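Tertiary structure, described
If you want the building blocks of each chain, they are given just below.
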Amino acid sequence: MIAMKITLTLCLSTAAILLCSAVHAATKARDRVNFGNDWKFNLGETARAQDPSFDDSGWRNLNLPHDWSIEGEFSKNNPATPEGGALPGGIAWYRKTFLLPETEKSLLVFVDFDGVYRNSEVWINGHSLGVRPNGYISFRYELTPYLNYGNQKNVIAVRVDNSKQPNSRWYSGSGIYRNVWLVTTNKVFVDHWGTFTTTPEVSQEKAKIHIVTRVRNKSGSSQPITLNTFLSNKEGKEEGRVSSRTTVSTESFAEVTQELTVDKPDLWSVDTPNLYKAVSQVVCEGKICDEYQTAVGLRYFAFDREKGFLLNGRPLKIKGVCNHHDLGCMGAAINTRALERQLEIMKAMGVNGIRTSHNPSAPELLDLCDGMGFIVMDEAFDMWKKPKNKFDYHLDWDQWHKRDLEDQVLRDRNHPSVFIWSIGNEIPEQGSSGGIEIARELAAIVRSLDKTRPITSACDDPRPSNNIIKSGVLDLIGFNYHQNDYPDSLKRFSEKAFIASETTSAIASRGHYDLPSDVIRRWPPDNKKQGKMNDDFTCSAYDNCSVPWGSTHEETWKIIKKYDFLAGMFIWTGFDYLGEPTPYKWPARSSYFGIVDLCGFPKDAYYFYQSEWTGEPVLHVFPHWNWRQGDIVDVWAYSNAEEVELFLNGKSLGAKQKSADEMHLMWRVPFAPGILKGLARSLGKETLTTEVKTAGKPARIVLSADRNVIRADGSDLSFVTVKIVDRDDNLVPDADNLVKFNLAGQAIIAGVDNGSPISHEPFKASYRKAFNGMCLAVIQSKEKVGKIELTAVSEGLQPARVVIEAK
């Protein structure tokens with residue numbers, strides 16, 4: 001999302017919220033304030049709720065963003081089905097009452113919704129502003145013509161209809177689940193998503209920045225303006241400025257083209273994501289009438305048919321993951337800190353790419369990717385005219401696809417993290433002649449707004465006969481799976497570059513291991529040799545389990561790593577997500593695909609990627625060491641050291657080195673209780689050691705917060721990991737104790753989870769059973785400073801306490 005100048009002046013009254021966003025209109029050019037506090041909510045259809053005189057005093061008070069589905073109960077009978085998370089949908093209403101001062105009568109007022117799932121209609125003071133069926137798209141309405149000022153109240157009402165289900169192949173969430181903003185401008189202003197910055201020439205020595213700014217005039221008369229654009233670097237030092245004059249006709253707009261040059265630019269990369277800031281200042285009759293900010297990243301890149309991906313002139317393998325939009329126990333309600341934590345976990349794994357599977361993301365995700373250094377594949381649609389579910393977006397395609405795609409590109413095209421536009425995922429039309437026509441239309445829409453990035457489509461039938469590929473509009477051939485066909489791609493496609501747009505689909509349950517580890521399980525089983533599915537709804541975490549169309553992590557990475565022309569990969573998936581519980585049905589209700597579980601706890605494959613994708617020393621030995629006497633246990637090690645030696649109770653079991661064909665080390669060990677010790681060596685020197693001990697009975701709880709100091713802003717979070725350990729502090733690998741939480745201080749428990757795909761405990765609760773020894777509590781601040789104390793208790797265990805400070 002384009003960053004704008006934020007100046008807040010909030011005046012509170014007992015009757016309503018008074019938004020004084022332009023009390024000092026003469027000195028302020030633009031205000032953009034969060035409009036998410038103090039809404040009223042009612043679940044269920046309500047007659048006349050758009051009427052300003054409607055009595056909503058009995059409705060629930062809440063702050064946005066909000067997802068009502070995550071608050072519901074799991075049931076296989078919910079219309080979303082387990083594929084959609086087995087949580088309820090329905091119809092609901094939101095209302096907000098606010099006042100505006102008389103001084104704002106000369107200004108324009110807009111409301112921006114970052115996303116509402118789905119089929120929303122918005123009213124202001126009883127006037128319908130419009131509908132948007134797409135639950136992932138951002139949109140704006142102007143409120144000005146219908147507003148009241150002074151002591152007269154304004155009422156904004158939003159009806160959300162997510163009752164017709166299934167409409168998604170994964171958990172969608174329900175409600176105003178992304179942020180809402182109130183934007184106030186003068187009548188001559190930079191239009192919505194009104195700047196477009198490109199970098200036609202970039203090198204280590206010099207960068208040329210091309211800026212097109214759309215200035216709109218709603219003043220009632222033609223306006224001569226001066227547009228000043230200032231560019232500053234990350235330290236705030238000005239790097240250049242340019243000034244242009246033009247006249248904007250009344251009730252129209254003017255597009256102003258400007259250029260700036262930066263010597264010795266600080267280039268944006270995945271390791272050093274340097275950002276500049278462009279400030280567009282509109283001057284009318286000697287006074288500043290608008291000011292608008294845009295983040296700028298200076299980088300150059302290419303997708304080469306033979307060399308793969310090059311960023312700033314250097315080859316770089318894209319090591320990406322696909323993620324859905326939910327935040328685990330917090331549902332689909334966007335939270336910047338929760339998103340940031342996900343990206344931090346991925347970055348530490350070595351990830352440098354994110355695919356927004358399979359729709360436009362929250363703007364905050366792209367802001368974070370800009371600042372943290374991720375290459376984004378920005379995806380538009382999961383289906384076109386042909387359905388994947390009975391009530392999905394295909395019903396809205398004809399009327400809305402052009403507007404929705406245009407809005408996505410306009411919103412996202414200034415983000416330096418966005419490198420690829422994807423016009424669809426596994427689209428059914430790839431097998432019909434209609435795919436050619438639609439692909440050409442969509443590509444033309446994208447190129448009319450942005451010619452600087454390649455277009456792809458994620459094809460699960462990546463053959464030359466695929467009609468989306470036959471359309472000739474794809475700059476990148478997107479392969480979903482079919483990894484064994486990668487080596488022949490240069491022969492099959494004579495002119496195009498390639499990206500593995502979706503790979504792997506390995507499945508695993510954190511902390512569960514099926515022996516022997518060298519038997520690959522393709523589940524659901526496609527032959528009798530693979531045996532039946534596990535009765536306890538688990539999948540092995542040895543990286544020996546995948547779906548039939550997929551592969552293990554090692555199988556895919558070996559191929560991607562080997563061939564330079566393969567630009568990179570996006571693994572399905574970085575995190576587990578709600579819905580799509582393949583390979584199981586009910587009672588499973590969330591996925592097994594993640595390298596990290598719903599809580600953010602890594603599965604063992606996480607350390608495989610760390611050993612392959614990072615330069616940090618890695619030594620991870622698994623599984624746990626609680627087995628039965630007589631068991632023959634496969635012990636694996638992931639490491640980037642030259643060799644690893646394994647010891648059991650002090651006795652060496654031998655040293656091993658990785659080979660190109662085997663990316664893990666394995667020892668087959670008769671179980672004996674005690675201590676497994678791994679010792680890593682490089683250049684003859686010991687670099688790392690790690691131990692796995694046989695755990696005794698559960699004895700106590702251990703709490704650890706990812707952040708012990710958070711902001712007292714009503715949205716910041718601390719993620720508290722809960723471990724069940726024995727008296728020697730060893731994690732008990734099969735502990736499932738019920739943990740109860742008590743919270744004191746200015747905070748709430750925003751959610752609880754344990755990472756189990758079959759747990760039906762509520763996410764909004766003060767208790768949780770451990771799953772394989774662990775669970776999670778998410779603490780959210782209120783808007784007051786002070787000490788927050790979380791206590792965890794469980795019958796028969798020593799309790800634990802952690803203190804968090806809100807500042």
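Presented here is a report on the structure given in the accompanying data block. (Residues numbered from 1 in each chain as written. Predicted model: local features only at pLDDT ≥ 70, side-chain atom pairs only at ≥ 80, totals over all residues. Heavy atoms only, no water.)

Among the structural elements, aspartate 661 can be located in the loop between β36 (651-656) and β37 (665-670). You can call aspartate 661 exposed: its relative accessible area is 57%. In this structure, the C-alpha to C-alpha distance between aspartate 661 and glutamate 555, residues 106 residues apart in sequence, is 9.3 Å. (Helix = DSSP H or I, 4+ residues; strand = E, 2+ residues; numbered from the N terminus. Buried < 20%, exposed > 50% of the residue type's maximum accessible area, 1.4 Å probe, protein only.)

When the sulfur atoms of two cysteines share a covalent bond, that bond is a disulfide. Under the counting rule described, the total for this entry stands at 1 disulfide. With a sulfur-sulfur separation of 2.1 Å, cysteine 284 is cross-linked through a disulfide to cysteine 289. Measuring the twist about the S-S bond at about 55°, one finds the cysteine 284-cysteine 289 disulfide to be right-handed. For cysteine 284, a relative accessible area of 11% corresponds to the buried category. Not part of a disulfide, cysteine 599 finds its nearest cysteine sulfur in cysteine 329, a span of 6.9 Å. (Disulfide = S-S within 2.5 Å.)

So, about the pattern of salt bridges. When charged atoms on two side chains of opposite charge get close, those side chains can pair. Per the stated rule, a full pass over the model turns up 52 salt bridges. Here glutamate 502 makes a salt bridge to arginine 355, at a shortest N to O gap of 2.7 Å. Separated by 147 residues along the polypeptide, glutamate 502 in strand β29 (residues 497-504) and arginine 355 in strand β24 (residues 353-356) bring together distant segments of the chain. Side by side, glutamate 502 and arginine 355 carry an identical accessibility label, which is buried. Across the salt bridge formed by aspartate 753 and arginine 768, the nearest N and O atoms sit 3.1 Å from each other. Of this pair, aspartate 753 sits in strand β44 (residues 747-753) while arginine 768 sits in strand β45 (residues 767-769), and the two are 15 residues apart along the sequence. Both residues of the pair, aspartate 753 and arginine 768, count as buried. What emerges from the salt-bridge pattern is a single network uniting Arg132, Arg403, Asp404 and Asp407. (Salt bridge = Lys/Arg side-chain N within 4 Å of Asp/Glu carboxyl O.)

To continue, consider the sheet that holds strand β39 (residues 685-693). Strands sit in the order β36-β35-β38-β39 across an open sheet of 4 strands; the sheet is antiparallel. Of all the strands in the sheet, the pair left with one neighbour each is β36 and β39. On average, each strand axis in the sheet is inclined to that of its neighbour by 20°, with strand direction left out of account. Pairing between strand β38 (residues 675-682) and β39: 8 bridges, direction antiparallel. (Pairing = 2+ DSSP bridges. Axes fitted to C-alpha atoms, helices over the stretch in contact; angles between N-to-C directions.)

Another point: helix α2 (residues 363-372). Within α2, 7 of the 10 residues are buried, which leaves it mostly tucked inside the rest of the structure. All buried positions along α2 are accounted for by Pro363, Glu364, Leu365, Leu366, Leu368, Cys369 and Asp370. Buried residues along α2 sit in contact with β12 (180-185), α1 (336-349), β24, β25 (375-379), α3 (397-412) and β26 (418-425). Residue glycine 373 follows α2 closely and has a positive phi angle near 90°. (Contact = heavy atoms within 4.5 Å.)

Take α1 next. Taking 1.5 Å per residue as the helical rise, α1 with its 14 residues ought to reach 20 Å, and the 20 Å between its terminal C-alpha atoms agrees with that figure. By the burial criterion, the buried members of α1 are Arg337, Ala338, Leu339, Arg341, Gln342, Leu343, Ile345, Met346 and Met349. The distance from a side-chain oxygen at the start of α1 to the backbone nitrogen of arginine 337 is 3.0 Å, and the residue carrying that oxygen is asparagine 335. Of the residues flanking the end of α1, it is glycine 350, one or two places downstream, whose phi is positive at about 105°. (Expected span 1.5 Å × (residues − 1). Polar contact = N/O pair within 3.5 Å; in protein donor to acceptor, adjacent residues only side chain to side chain.)

In helix packing, the relevant descriptors are the interaxial angle and the interaxial distance, both defined with respect to the helix axes. Relative orientation of the contacting elements α1 and α2 amounts to 40°, with a least axis distance of 10 Å. Regarding the angle of α1 to α2, the classification is oblique. Where α1 crosses over α2, the handedness of that crossing is right-handed. Taking contact as the criterion, the partners of Thr336, Leu339, Glu340, Leu343, Glu344 and Lys347 in α1 are, on α2, Glu364, Leu365, Leu368, Cys369 and Met372. Its residues assigned to classes, the contact of α1 with α2 shows 6 nonpolar, 1 polar and 4 charged. (Parallel < 35°, antiparallel > 145°, perpendicular 65-115°, else oblique. Left-handed = near helix turned anticlockwise from the far one by under 90°. Nonpolar A, V, L, I, M, F, W, Y, C, P; charged D, E, K, R; others polar.)

Read from one edge to the other, the open sheet built from 3 strands follows the order β13-β14-β17, with strand pairing classed as antiparallel. With one partner strand each, in any of the chains shown, β13 (188-202) and β17 (252-263) form the two edges of the open sheet. For this sheet, the mean inter-axis angle between neighbouring strands, taken without regard to orientation, is 20°. Bridge count between β13 and strand β14 (residues 206-217): 9 bridges; the pairing is antiparallel. Across the sheet, residue threonine 198 finds its bridge partner in β14, namely histidine 210.

This paragraph deals with unusual backbone geometry. Residue proline 65 is bonded to the preceding leucine 64 through a cis peptide linkage, with omega at 0°. Residue position: proline 65 is located in the loop between β5 (60-62) and β6 (90-99). For the peptide bond that leads from threonine 582 to proline 583, omega is 15°, which places it in the cis range. Positionally, proline 583 belongs in the loop between β32 (566-572) and α8 (605-613). In this model, asparagine 119 sits at a positive phi of 50°, which is unusual for a non-glycine residue. Looking at the element boundaries, asparagine 119 is found in the loop between β7 (108-113) and β8 (120-124). On the basis of relative accessibility, which here comes to 27%, the residue asparagine 119 falls in the partly exposed class. In this structure, tyrosine 481 takes a positive phi of about 65° despite not being glycine. Relative to the helices and strands, tyrosine 481 is located in the loop between β28 (476-480) and α6 (489-492). With relative accessibility at 4%, the residue tyrosine 481 sits in the buried group.

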